[in-house]
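Given next are the chains, with one letter for each unit.
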Amino acid sequence: MYKILEARQLSEKNFLMVVEAKWVVRACQPGQFLIVKTDEEGERIPLTICDYDREAGTVTIVFQTVGASTTKMARLKAGDSFMDVTGPLGRPSNLIDMAPEELRRKKMLFVGGGVGAAPVYPQVKWMHEHGIDVDVIIGAKSKDLLMLEDEMRAAAGNLYIATDDGSCGYHGMVTGLIEKLVKEDGRHYDHCVAIGPVIMMKFVCKLTKELGIPTVVSMNPIMVDGTGMCGACRLIVGGEVKFACVDGPEFDGHKVDFDLAMERQKTYKTEEGRAMLALQEGDTHHGGCGMCGGDR
Ligand code: NAD
Ligand code: FES
């Protein structure tokens, strides 16, 4: 069992939990994710790692209530436990493999939209710990939905805020703010990391392609096994089949087929839809043996 040490409601639908997970935290790196299960019957819920403390043996997760499983999860309090926490899963961010001197020469922009600020934070914190100043944009519908503002301010070189309703910072979406920073304020970026709703990542990538800024995104499609077997998280990246759980979750955003990813998410939710996808995708529908029935 994995004990919840802290459980906090951040806004109407967003929750933060600090969970004791000694074995997981020993290996986890920025960019990776976990799968949690509340109880024996519970759904497997993939969650990006927002923070970790190796000494304390804890991971911090941030999630949004989107259905029955996450709503049930949000009812858990400090002192309760998850039945299972599996991870770290997926590949760590490529940036952490680069030499700090090389990273220091790059001008980097991190963009976290809504709950997407949670997976952006460990990367920004890692950069800060290695003496690398990065620009960060966090966006939300309104001021009360902004996430990790204080934490980001402490770790970022420059923090910029965008709210759709103008209640804090730039009035508009993160794409408008990126355009302003580059075109009006003359800021130059060599690399961008954008994490948030798929629609946001699609439009950030459309813009950064025009601006000539290489961009990495983190995809979080429906996941079942998290080990490349079931095919739930199938994506097309650069014309090739990829599975977010083992090939990602980070990908070159200029190569991701976002429209297909959004369409597939909708189709995958019904049994009928999964049957149709299995037919259309043939041998590439599953990542692994194709016999495990992970998507049924
Ligand atoms: P949201 O809908 O409030 O959007 C956050 C920000 O994204 C907005 O303020 C805006 O600046 C930007 N944005 C949204 N639509 C845009 C568009 N069309 N063009 C340009 N910018 C746009 O965010 P939310 O409600 O917190 O997001 C929840 C979604 O994020 C869920 O679908 C969840 O699955 C996803 N999510 C993704 C990841 C990931 O790893 N990619 C992690 C956590 C959550
Ligand atoms: Fe990725 Fe099953 S969750 S293949």
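What counts and what doesn't
Residues numbered from 1 in each chain as written. Chains lettered and ligands numbered in written order. Predicted model: local features only at pLDDT ≥ 70, side-chain atom pairs only at ≥ 80, totals over all residues. Heavy atoms only, no water. Salt bridge = Lys/Arg side-chain N within 4 Å of Asp/Glu carboxyl O. Helix = DSSP H or I, 4+ residues; strand = E, 2+ residues; numbered from the N terminus. Buried < 20%, exposed > 50% of the residue type's maximum accessible area, 1.4 Å probe, protein only. Pairing = 2+ DSSP bridges. Phe/Tyr/Trp six-rings, centres within 6.5 Å; stacked < 30°, edge-to-face > 60°. Lys NZ or Arg CZ within 6 Å of the ring centre and 35° of its normal. Arc of directions from axis to C-beta. Contact = heavy atoms within 4.5 Å. Axes fitted to C-alpha atoms, helices over the stretch in contact; angles between N-to-C directions. Parallel < 35°, antiparallel > 145°, perpendicular 65-115°, else oblique. Nonpolar A, V, L, I, M, F, W, Y, C, P; charged D, E, K, R; others polar. Core = buried A, V, L, I, M, F, W, Y, C linked by side-chain atoms within 4.5 Å. Left-handed = near helix turned anticlockwise from the far one by under 90°.

Student: Would you mind showing me how to read the pattern of salt bridges here?
Tutor: One side chain can pair with another of opposite charge once the charged atoms of both are near each other. Here the structure, examined in full by the defined rule, presents 14 salt bridges. Among the salt bridges present, the one from D259 reaches K202, with a minimum N-O distance of 2.8 Å. Here K202 lies in helix α7 (residues 198–211) and D259 lies in helix α9 (residues 258–268), a separation of 57 residues in the sequence. Taking the shortest distance from any N to any O, the salt bridge between E263 and K266 comes out at 3.7 Å. You can see E263 and its partner K266 sitting in helix α9, three residues apart, about one turn around the helix. Exposure remark for E263: the relative accessible area of 43% places this residue in the partly exposed category.

Student: I would appreciate a short explanation of the sheet that holds strand β12 (residues 191–195) in the present structure.
Tutor: Sheet strands pair via backbone hydrogen bonds, and the direction of the pair is either parallel or antiparallel. Read from one edge to the other, the open sheet built from seven strands follows the order β11-β10-β9-β8-β12-β13-β16, with strand pairing classed as mixed. One side of each edge strand has no neighbouring strand; the edge strands of this open sheet are β11 (170–171) and β16 (250–252). In this structure, strand β8 (residues 108–113) lies alongside β12, joined through five bridges in parallel fashion. Within β12, the residue paired with M108 across the bridge is H191.

Student: What's the story with the packing of aromatic side chains in this structure? I'm lost.
Tutor: Two numbers describe a pair of aromatic rings. These are the distance of the centres and the angle of the planes. Inspection of every chain in the model, using the stated rule, returns one aromatic pair. With a centroid separation of 5.7 Å and 20 degrees between ring planes, the pair formed by F15 and F63 is classed as stacked. Here the residue F15 occupies a position in strand β2 (residues 14–20), and F63 occupies one in strand β5 (residues 58–64), the gap between them amounting to 48 residues. Here F15 and F63 have matching classes, each one buried. Cation over ring: R274 sits above Y268, and NZ or CZ is 5.6 Å from the ring centre.

Student: Mind showing me how you'd approach helix α10 (residues 271–281) here?
Tutor: Every α-helix winds through 3.6 residues per turn, so residues three or four apart in the chain are directed the same way. The complete set of buried residues in α10 reads G273, R274, L277 and E281. In a view along the axis of α10, the buried residues occupy a sector of 95 degrees, so they form one face of it. The exposed residues of α10 that point more than 90 degrees off its buried face are E271, E272 and L279. Along its buried surface, α10 packs onto β14 (234–237) and α9. G282 sits one or two positions beyond α10 and adopts a positive phi of about 55 degrees.

Student: Any chance you could explain the packing of α7 against α9 here in plain terms?
Tutor: The angle between the axes and the distance between the axes are what describe a pair of packed helices. Following both chains from N to C, one finds α7 and α9 inclined at 170 degrees, their axes separated by 10 Å at the closest point. Put simply, α7 runs roughly antiparallel to α9. Counted together, V198, I199, M201, K202 and C205 of α7 and F258, D259 and M262 of α9 form the full contact between these two elements. In terms of residue class, the contact of α7 with α9 is made up of six nonpolar, no polar and two charged.

Student: How should I be thinking about the nonpolar core in this particular structure?
Tutor: Here is a general trend for soluble globular proteins: nonpolar side chains tend to be buried in one another's company. Judged by nonpolar contacts, the single largest core of 35 residues is most densely connected at V111, I137, I178 and M219. Excluding residues within four positions of it along the chain, I178 makes contact with L109, V111, I137, V204, L207 and L211. If you look at the next biggest cluster of nonpolar residues, it comprises 33 residues, including V124, V136, A140 and L159.

Student: What is the right way to look at the packing of helix α6 (residues 174–184) against α7 in this model?
Tutor: Packing of α6 against α7 brings their axes to within 9 Å, and their N-to-C directions diverge by 20 degrees. By the angle between their axes, α6 is roughly parallel relative to α7. Remark: the crossing between α6 and α7 carries right-handed chirality. On α7, the residues that touch V174, T175, I178, E179, V182 and K183 of α6 are M200, F203, V204, L207 and L211. Along the lines of polarity and charge, the residues of the contact of α6 with α7 split into eight nonpolar, one polar and two charged.

So yeah, pure geometry; function would need other evidence.
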